[in-house]
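Here is how the chains run, residue by residue.
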Amino acid sequence: KNLSLALGGLTHGVAPLDLAAAYAAFDNQGVYIEPHAISKICDQKGNIIVEITPKKHIAMSEQTAYLMTDILKTVVDAGTGTRAKMNRPVAGKTGTTQLPDKKGFQNRTGNKDAWFAGYTPELVGVVWMGYDEDYDKNGKAQYLNRVYGGQYPARIWKSVMDQSLKKVKVKPFTMPSGIVSKAIDSKSGKLPSDLTPDNFIRTEIFAKQNVPTETSDVWVTASICPESSLLANEFCPVKISGVFLKRPEPYPNTGKKPNDADLSLPTGNCTLHAAIPSGSNNNLIAICTDPRHGGALFLANTPQPHENGGCPQEFVVFISPETDQIPTQSCELEDHLITHESEKKHDHKNNK
């Protein structure tokens, strides 16, 4: 119903000839030429009776046409159109349209149309598979079953092009002036920063006036607690520093883990090693569970900045007790006591 996506959509469809003419504009450095079947008519002596001058107009700049060609080459080289790959440069696009919202098509699996539109530096061609009418003469729905643009249409296109160009010398697409290549940060589309990992730097081509000028700001350094996988605080005994991806929004909870999910900056702070007031009824309480306590609850000794020792992390748990369950006595095990850095230095001096 004309609710077209970026790929485009039409209620009444488009003819293969019209689509071929549109793709030819990419191949003609941005110039659209109205399709025509006859170039000229001559008499028996070779005199020109009628000569056709095709209508032309500039549909886009040379740079835009070339950038589109570069994008569509990727479709054939590594995308859905690999069955159209030849021993020469090819640009193209597969297309598959859904079944219409009509009687007889409900609860059916299949497609209405399958397309491949492609071109080389010399020729443009479009292949369409489908039915002219939605229903046959008996009123039965007609549609394609397990046919996609990247399958038979792409293979038919390649077969015709192989024959048409078998004696034609291979040549590249012509790159116009005003096209430049630049290394970018693939996560932001901006220039790489000093923090951008090498595997997220790639070279892209641009129209000269559209080269990015801003530096990427999506990578940040942070310290992570390996036990909680959250942002480390000053009480975490071990901290791992690294470069992380700062996403404006978290990944949606789809159940499928994105490839770069491990790179995302954690959104929370570590609570395993937080210093929590022992008298607070509304906060978690750090408890020492050393077996030597015989199951009794004792407040864990948590070192503060410039302090050492304390209850080992393997014996510390956090609980949310009721008011009458909050222990009042701290752990008194000798090897769990807290020492100050100044005391440690003093003892070391005396030992010397």
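Predicted model, so just to flag it, every value in this text is computed and none were measured.

Student: Would you mind showing me how to read the overall build of the protein chain here?
Tutor: A tally of helices and strands in the protein chain yields four helices and 17 strands. Expressed as a percentage of the 352 residues in the protein chain, the buried residues total 30%. For the protein chain, contacts bridging at least 24 residues in sequence account for 61% of all contacts bridging at least 6. Per element, the accessible surface of the protein chain, about 23,400 Å² overall, is 50% carbon and sulfur.

Student: Looking at this model, I keep getting lost on the pattern of salt bridges. Mind explaining?
Tutor: In a structure, side chains of opposite charge can pair up when their charged atoms sit close to one another. Taken as a whole and assessed by the stated rule, the structure comprises nine salt bridges. Linking Lys-190 and Asp-217 is a salt bridge whose minimum nitrogen-to-oxygen distance equals 3.7 Å. Of this pair, Lys-190 sits in the loop between strand S8 (179-185) and strand S9 (201-207) while Asp-217 is found in the loop between S9 and strand S10 (219-225), placing the two residues 27 residues apart along the sequence. One salt bridge connects Asp-290 with Arg-292, and the closest N-O pair in it is separated by 3.0 Å. Here the salt bridges share partners, and the residues they tie into one network are Lys-102, Lys-112 and Asp-134.

Student: Is there a simple way to think about the packing of helix H1 (residues 16-27) against helix H2 (residues 62-78) in this case?
Tutor: Between two packed helices, the angle of one axis relative to the other and the distance separating the axes together describe the packing. Two numbers describe how H1 lies on H2: the axes approach to 7 Å, and their chain directions differ by 110°. Overall, the two elements H1 and H2 adopt an arrangement that is roughly perpendicular. Residues Tyr-23, Ala-25 and Phe-26 of H1 pack against Ala-65, Met-68, Thr-69 and Leu-72 of H2. Of the residues belonging to the contact of H1 with H2, the class tally is six nonpolar, one polar and no charged.

Student: How should I be thinking about the packing of aromatic side chains in this particular structure?
Tutor: With the rule as written, the count across this model stands at eight aromatic pairs. Between Trp-115 and Trp-128, the ring centres sit 6.5 Å apart and the planes meet at 50°, which makes this aromatic pair tilted. Of this pair, Trp-115 sits in strand S6 (residues 113-119) while Trp-128 sits in strand S7 (residues 124-130), and the two are 13 residues apart along the sequence. The class of Trp-115 is buried, set by a relative accessible area of 13%. Both rings, one in Phe-116 and one in Trp-157, keep their centres 5.3 Å apart while their planes meet at 65°; by these two values the pair is edge-to-face.

Student: Could you clarify how one ought to interpret the side chain of Thr-94 in this entry?
Tutor: With respect to the element layout, Thr-94 can be found in strand S5 (residues 91-97). The class for Thr-94 is buried, based on a relative accessible area of 12%. In terms of polar contacts, Thr-94 uses its side chain to reach the side chain of Thr-80, at 2.7 Å. Aside from chain neighbours lying at most four places away, what touches Thr-94 is Val-75, Thr-80, Gly-81, Trp-115, Phe-116, Gly-149 and Gly-150.

Student: Looking at this structure, how should I read the sheet that holds strand S12 (residues 240-245)?
Tutor: Note: strands within a sheet are paired through backbone hydrogen bonds, in either parallel or antiparallel orientation. Spatial strand order, S11-S10-S12: three strands in an open sheet with antiparallel pairing. Of all the strands in the sheet, the pair left with one neighbour each is strand S11 (230-231) and S12. In this structure, S10 lies alongside S11, joined through two bridges in antiparallel fashion. Residue Cys-225 lies in a different strand from S11, and its bridge partner there is Leu-230.

Student: I would appreciate a short explanation of unusual backbone geometry in the present structure.
Tutor: Most peptide bonds adopt trans geometry, and most residues besides glycine take a negative phi value. Positive phi, close to 60°, is recorded for Asn-107, a residue that is not glycine. Relative to the helices and strands, Asn-107 resides in the loop between S5 and S6. You can call Asn-107 exposed: its relative accessible area is 85%.

Student: Explain H1 here, please?
Tutor: In an α-helix, one full turn covers 3.6 residues, which means residues spaced three or four apart are oriented alike. Between its first and last C-alpha atoms H1 spans 16 Å; for 12 residues at 1.5 Å apiece the expected length is 16 Å, and the two agree. Those residues of H1 that sit buried are Leu-19, Ala-20, Ala-21, Tyr-23, Ala-24, Ala-25, Phe-26 and Asp-27. Of the surrounding secondary structure, the elements contacted by the buried residues of H1 are strand S1 (31-33), H2, S5, S6 and S7. Gln-29 sits one or two positions beyond H1 and adopts a positive phi of about 55°.

Student: What exactly am I supposed to notice about the state of the cysteines here?
Tutor: Scanning the entire structure with this criterion turns up zero disulfides. In this model Cys-331 remains outside any disulfide bridge; the closest cysteine sulfur is found in Cys-311, 3.9 Å from its own.

Student: Would you take a moment to explain the environment of Glu-334 for this structure?
Tutor: Within the element layout of this structure, Glu-334 appears in the loop between strand S16 (316-319) and strand S17 (338-340). Placed 24 residues apart in sequence, Glu-334 and Gly-310 show a C-alpha to C-alpha distance of 9.6 Å.

Student: Help me understand the environment of Ala-141, please; the structure alone is not making it clear to me.
Tutor: Within the secondary structure, Ala-141 sits in the loop between S7 and helix H3 (152-164). Beyond its immediate stretch of four places on either side in the chain, Ala-141 contacts Gly-104, Phe-105, Asp-134 and Tyr-135.

Student: Quick question: what am I supposed to make of the sheet that holds S6 here?
Tutor: Pairing is antiparallel across the open sheet formed by three strands, whose spatial order is S5-S6-S7. At either margin of the open sheet sits one strand with a lone partner, and together these are S5 and S7. For this sheet the average axis-to-axis angle between neighbouring strands, irrespective of direction, equals 10°. Lying on the sheet, H1 is in contact with S5, S6 and S7; it crosses S7 at an angle near 150°. Along the sheet, H3 contacts S6 and S7; its crossing angle with S7, the most-contacted strand, is approximately 140°.

Procedures and definitions
Residues numbered from 1 in each chain as written. Predicted model: local features only at pLDDT ≥ 70, side-chain atom pairs only at ≥ 80, totals over all residues. Heavy atoms only, no water. Helix = DSSP H or I, 4+ residues; strand = E, 2+ residues; numbered from the N terminus. Buried < 20%, exposed > 50% of the residue type's maximum accessible area, 1.4 Å probe, protein only. Contact = heavy atoms within 4.5 Å. Areas by Shrake-Rupley, 256 points an atom, 1.4 Å probe, with all protein chains shown as cover. Salt bridge = Lys/Arg side-chain N within 4 Å of Asp/Glu carboxyl O. Axes fitted to C-alpha atoms, helices over the stretch in contact; angles between N-to-C directions. Parallel < 35°, antiparallel > 145°, perpendicular 65-115°, else oblique. Nonpolar A, V, L, I, M, F, W, Y, C, P; charged D, E, K, R; others polar. Phe/Tyr/Trp six-rings, centres within 6.5 Å; stacked < 30°, edge-to-face > 60°. Polar contact = N/O pair within 3.5 Å; in protein donor to acceptor, adjacent residues only side chain to side chain. Pairing = 2+ DSSP bridges. Expected span 1.5 Å × (residues − 1). Disulfide = S-S within 2.5 Å.

Everything listed is a geometric property; what it means functionally is a separate question.
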